[in-house]
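# Per-entry structural report
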2 protein chains.
Amino acid sequence: MDIKAGISKAGIKPSGDYDILVMSFPSSVYSVFLTQNSLSAAPVQYDRMVREIQDEISAIVVNSGNANAATGEEGLRNAERMAEIVADLLDIDKEEVLVFSTGVIGVQLPMDKVEKGIKEAVKNLERWDLERSARAIMTTDSFPKFYQTSGMIDGKTFHIKGIAKGAGMIHPNMATMLAYIFTDVKIDKSLLEKASKLVVERTFNSIDVDGCESTNDSFLVVATGESDLEINDKNKIEFAKKLYEVALQLAKMIVKDGEGATKLIQINVHNAESKEEAKEVGQAIARSNLFKTAMFGNDPNWGRILSAVGQLHRDIDFSNVKLYIGDYLIYSGEPVDYDREGAVRYLKENSEITIDLYLERGESEWTYYTCDLTYRYVEINAEYTT
Amino acid sequence: MDIKAGISKAGIKPSGDYDILVMSFPSSVYSVFLTQNSLSAAPVQYDRMVREIQDEISAIVVNSGNANAATGEEGLRNAERMAEIVADLLDIDKEEVLVFSTGVIGVQLPMDKVEKGIKEAVKNLERWDLERSARAIMTTDSFPKFYQTSGMIDGKTFHIKGIAKGAGMIHPNMATMLAYIFTDVKIDKSLLEKASKLVVERTFNSIDVDGCESTNDSFLVVATGESDLEINDKNKIEFAKKLYEVALQLAKMIVKDGEGATKLIQINVHNAESKEEAKEVGQAIARSNLFKTAMFGNDPNWGRILSAVGQLHRDIDFSNVKLYIGDYLIYSGEPVDYDREGAVRYLKENSEITIDLYLERGESEWTYYTCDLTYRYVEINAEYTT
């Protein structure tokens with residue numbers, strides 16, 4: 001893929017690390033999902049306008065260290081200014097640039113530094129190195145998040161590559177979570193949007209770290225069309241599967257890197273009445289502080305799992321419900337005599353845990369991903385700005 | 001008030017502490033609110049049936065140490081059996097007895113011990129001592145919760161007294177709030193229910209410790225009618241105010257005793273479009289782990305407060321919003337240059353914190369109570385395992 005990326009140290013991050021990323025690519029169709037938090041950041045508001053009027057883009061600019069959120073009119077002007085600077089340097093239309101920010105809320109961007117940083121990043125544009133780009137957008141992340149795959153459909157090869165960031169303030173409808181996925185297939189904008197929506201619902205919108213949705217969440221899929229492969233109604237499922245693979249891997253990395261997390265927990269809800277119900281049930285468990293602390297304590301505490309489900313006030317008949325932690329059946333319509341020591345050992349010895357809940361009400365299923373709630377989470381968040 | 005209470009040590013609590021409370025009183029109108037968690041405990045299911053058919057009650061029985069929840073048909077029979085034993089001993093109808101339990105989920109009640117314990121508690125019936133009764137229903141509470149007041153309306157004296165429990169879930173699966181309030185006024189059942197509903201919404205339904213609703217939550221108001229004071233449409237507000245005072249004091253004690261809490265936080269939402277909106281906004285802040293950890297860290301992190309509100313996806317215009325922490329105005333349509341050191345000191349030096357949020361959208365207000373999220377919360381809920 002003819003994608004270039006340049007990074008620079010603008011001095012927005014107090015640490016002095018890389019904090020600007022510019023990416024440049026052929027004019028491409030795209031699909032972008034932006035946070036629904038009504039305290040949305042200036043770049044999110046700006047990108048919403050672009051999304052309305054612009055079918056193709058050819059660059060993005062991201063700064064880390066400052067969210068440009070709750071910054072009023074000045075913030076909005078600064079977001080637009082970032083697009084302008086990039087457009088001038090790359091000699092493209094301003095509307096072909098999307099802008100993203102992540103970091104502290106409520107502080108104006110130091111625009112002189114930002115401008116210098118963007119200039120340097122553009123000067124540094126080179127063949128896209130996923131790891132370097134992923135590093136430049138990190139805030140509290142402990143590792144850079146990137147993933148790539150390729151596939152063959154109708155005898156034609158295609159590629160999908162993505163980077164992401166996020167660790168805290170993670171909850172569906174996205175969160176301080178940024179993700180950029182590029183593919184080289186030829187695809188209609190409407191088909192790309194359909195496939196992306198399907199994928200985002202089952203990946204970035206089905207993860208939780210702390211139930212807190214952010215002001216800046218953004219997820220972008222770009223299709224450059226450089227491959228010979230054209231996606232149509234016949235092969236769209238195969239393409240969506242690959243897109244799902246990349247998005248899921250990135251989403252899981254975010255949960256794994258959840259602030260203070262020691263465990264990635266996969267909650268599979270089966271036999272629900274509807275997809276909405278299955279997702280709600282998974283989310284209710286994923287968000288329960290009592291469940292999350294029990295997981296940290298290696299405690300197969302089924303009461304906390306079922307009670308979290310009961311809190312939805314749905315007419316679920318718990319005398320039909322089955323619950324597994326790993327391979328251990330621990331509730332089956334009533335408390336079950338199970339190998340408690342084995343289940344505790346399973347929780348202790350694995351950093352990836354699976355919960356399976358069978359509701360026996362229908363045919364729908366959903367998988368939700370969360371992490372445990374630990375001392376370190378409290379430490380990180382009680383001592384972040386002071 | 002002619003209210004008698006008897007307590008006993010039935011041996012349901014492993015600690016050997018008091019775990020049975022029986023209260024006996026003149027046949028009285030009542031209003032009872034029961035958890036809506038669909039994994040509701042057997043006594044909750046039993047009391048729901050009683051509520052349907054019975055206008056007056058004259059006794060309650062409470063056991064602590066075992067929630068009788070997720071216990072199926074046998075659990076339901078045991079709840080009914082508790083009512084029967086009390087009714088036989090007091091020579092009243094079984095339907096005049098409400099039953100409550102709190103403690104471990106998923107374990108059948110040791111009915112031989114329960115029966116012996118109830119017999120002894122009935123033998124011990126004596127003039128109601130609030131503190132002793134409050135102690136008998138404690139599970140992980142660190143202090144007994146009780147409050148009383150009296151008032152005068154139309155030249156006639158009346159009394160309101162209450163006990164409550166709730167705070168901790170140190171023992172896995174223990175999670176419950178119970179509250180019993182008695183008054184001697186004469187009042188219609190329908191008027192009592194109206195007043196109680198009003199009060200419960202602004203008190204026990206506006207508190208949060210960890211976002212987890214229990215299987216056993218119950219709130220009972222009993223009016224014995226022994227006073228000469230008759231509550232009617234003219235004086236109902238004055239009565240409701242006193243009832244609110246008692247319920248609020250008890251509710252605040254529960255938050256104050258929240259697991260690991262170091263701070264009681266009062267969130268006042270002003271000028272909302274509707275009461276529902278005001279309550280939702282208060283609750284969203286109260287439940288935010290990021291806000292709760294910031295409070296623990298004495299961090300006046302207004303971004304986390306506004307972002308929690310934004311997560312409701314309401315069309316709130318944040319350029320009109322004002323936010324105070326204590327007396328410090330820290331956001332007023334945009335970030336404000338405020339005395340940060342002073343605000344940090346305010347958070348550090350006070351165990352009762354006030355947040356005031358002005359939405360400038362209407363006339364409605366609501367107050368929500370919560371506590372901070374601390375290392376100790378994680379310790380309590382993770383480390384007490386196996």
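A quick note: this is a predicted structure, and the numbers were derived from the prediction, not measured. (Residues numbered from 1 in each chain as written. Chains lettered and ligands numbered in written order. Predicted model: local features only at pLDDT ≥ 70, side-chain atom pairs only at ≥ 80, totals over all residues. Heavy atoms only, no water.)

Once turned by 179° and shifted 0.1 Å along the axis, chain B lies on chain A with an RMSD of 0.3 Å. The transformation relating the two chain copies, once decomposed into turn and shift, fits a two-fold axis. Minimal C-alpha separation from the rotation axis in chain B is found for Tyr-375 of chain B, amounting to 2.5 Å. Comparing contact sets, 94% of the residues at the interface of chain B also lie at the interface in chain A, consistent with an isologous, same-surface contact. (Least-squares fit on C-alpha atoms with pLDDT ≥ 70 in both. Contact = heavy atoms within 4.5 Å.)

Further remarks concern the sheet that holds strand β14 (residues 364-371) of chain B. Residue and element names in this part refer to chain B. The strand order β12-β11-β13-β10-β14 describes an open sheet built from 5 strands, whose pairing is mixed. Pairing within the sheet leaves two strands with one partner each, and these edge strands are β12 (328-332) and β14. Geometrically, the sheet is characterised by an average inter-axis angle of 15° between neighbouring strands, direction not taken into account. Taken together, the 4 bridges between strand β11 (residues 322-325) and β12 define a ladder with antiparallel strand orientation. Paired with Ile-325 across the strands is Tyr-328, a residue of β12. Across the sheet, helix α7 (residues 275-287) lies against β10 (264-272), β13 (352-358) and β14, angled at about 20° from β14, the strand it touches most. (Pairing = 2+ DSSP bridges. Helix = DSSP H or I, 4+ residues; strand = E, 2+ residues; numbered from the N terminus. Axes fitted to C-alpha atoms, helices over the stretch in contact; angles between N-to-C directions.)

Per-residue pLDDT for chain A averages 92, and the proportion of residues at 70 or more is 96%. When the criterion is pLDDT under 50, residues 171-175 of chain A qualifies, and its contacts beyond four places in sequence or with other chains add up to 38 contacts. (pLDDT = per-residue confidence, 0-100.)

Unlike most non-glycine residues, Ala-70 of chain A shows phi in positive territory, near 60°. As for its placement among the helices and strands, Ala-70 of chain A is situated in the loop between β3 (56-66) and α2 (72-90). Given the relative accessible area of 10%, Ala-70 of chain A is considered buried. Its identity is not glycine, yet Asp-91 of chain B carries a phi of approximately 55°, on the positive side. Relative to the assigned elements, Asp-91 of chain B resides in the loop between α2 (72-90) and β4 (97-104). (Buried < 20%, exposed > 50% of the residue type's maximum accessible area, 1.4 Å probe, protein only.)

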